[in-house]
Amino acid sequence: MARYTMRQRLVSIGEDFDIADEHGNPVFRVDGKVMRLRDTFVLEDLQGREVATIREKKLALRESMNILRAGTTIATVRKARFTPFRNKFTIDVEGGQDIVAQGDILHHEYELRRGNDAVARISKRRFALSDTYGIETAPGEDDGLILAVAVAIDEMAHDADGGDH
């Protein structure tokens, strides 16, 4: 099981930030690109290679963000409709089984599940006095995809509530 840490409300457009391992060592960097039409974040390894790009979809009926790798969409993150407090997101994975994010999204206490299997857990509990939360991925998962999903959900959840958390 891999463990990562990420800053809460991590993204303001134009800001870069690191995703660290459980020992605080940076393992990925997220570049918050300033684009004219849409929010875009690029997840890179420490050598500067793209792991995933997270791009807001403009003019969509419900808010969603695409996750791309090498220019091709590999997943789409969408807010589930008609759920109380927007505590559910669906992740449509291209060529794979879809993932559902459910729990207390705004407070960073939720799981990503594929069917009955947990693929990742996002939790702030171990970081009670900071603006940091942890992400644990199950063995054999595409950590780059999971981390990109967490970035997208964080951005979309905080856009929805209209403020910082």
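Residues numbered from 1 in each chain as written. Predicted model: local features only at pLDDT ≥ 70, side-chain atom pairs only at ≥ 80, totals over all residues. Heavy atoms only, no water.

Please set out the pattern of salt bridges residue by residue, giving values where relevant.
Using the criterion set out here, one finds 10 salt bridges in the structure. Its salt-bridge partner being Arg 113, residue Glu 111 comes within 2.6 Å of it at the nearest N-O pair. Connected through salt bridges with shared partners, the residues Arg 3, Glu 22 and Glu 136 form a single ionic network. (Salt bridge = Lys/Arg side-chain N within 4 Å of Asp/Glu carboxyl O.)

Now, about the environment of Ile 99: what can you tell me, with residues and values included?
On the secondary structure map, Ile 99 appears in strand S9 (residues 99-104). Using a relative accessible area of 2% as the deciding quantity, one classes Ile 99 as buried. Sequence spacing of Ile 99 and Ile 146 is 47 residues, and the spatial spacing of their C-alpha atoms is 10.0 Å. Look past the residues within four positions of Ile 99 in its chain and what remains in contact with it is Phe 89, Thr 90, Ile 91, Val 93, Leu 112, Arg 113, Arg 114 and Val 119. (Helix = DSSP H or I, 4+ residues; strand = E, 2+ residues; numbered from the N terminus. Buried < 20%, exposed > 50% of the residue type's maximum accessible area, 1.4 Å probe, protein only. Contact = heavy atoms within 4.5 Å.)

Give me the environment of Glu 94: which residues, what numbers.
By the secondary structure assignment, Glu 94 is in the loop between strand S8 (88-93) and S9. Taking the C-alpha atoms as reference points, Glu 94 and Thr 72, separated by 22 residues in sequence, lie 9.8 Å from one another. With near-sequence residues (within four places) excluded, Glu 94 lies in contact with Thr 73, Ile 74 and Ala 75.

Could you give an account of the confidence of the model for the chain, with specific residues and numbers?
Chain-level statistics for the chain give a pLDDT mean of 83 and a share of 79% at 70 or above. Ignoring residues within four places in sequence, the model shows residues 161-165, a span with pLDDT below 50, making 7 contacts including any to other chains. (pLDDT = per-residue confidence, 0-100.)

A description of the nonpolar core should follow, citing residues and the corresponding values.
Ranked by internal contacts, the top residues of the largest apolar core, which has 40 residues, are Ile 67 and Leu 112. The greatest single-element share of this core, amounting to 11 residues, is contributed by helix H1 (residues 143-161). For Ile 67, the residues in contact, after removing those within four places along its chain, are Ala 52, Thr 53, Ile 54, Thr 72, Thr 73, Ile 74, Ala 75, Val 77, Leu 145, Ala 148 and Val 149. (Core = buried A, V, L, I, M, F, W, Y, C linked by side-chain atoms within 4.5 Å.)

Could you give an account of the pairing of strand S6 (residues 64-69), naming the residues involved and the relevant values?
Counting buried positions over the 6 residues of S6 gives 5, a clear majority of the element. Bridge count between S6 and strand S7 (residues 72-79): 6 bridges; the pairing is antiparallel. Following the sheet pairing, Arg 69 is matched in S7 by Thr 72. Linkage of S6 to S7, two consecutive antiparallel strands, is achieved through a turn of 2 residues, within which Ala 70 is found at a positive phi near 55 degrees. (Pairing = 2+ DSSP bridges.)

Please set out the pairing of strand S10 (residues 109-114) residue by residue, giving values where relevant.
In this structure, S9 lies alongside S10, joined through 5 bridges in antiparallel fashion. Bridge assignment links Asp 104 to a residue of S10, and that residue is Glu 109. Joining the antiparallel neighbours S9 and S10 is a turn of 4 residues, in which His 108 adopts a positive phi near 55 degrees. The pairing of S10 with strand S11 (residues 117-123) spans 5 bridges and is antiparallel. Counterpart to Arg 114 in the pairing with S11 is Asp 117.

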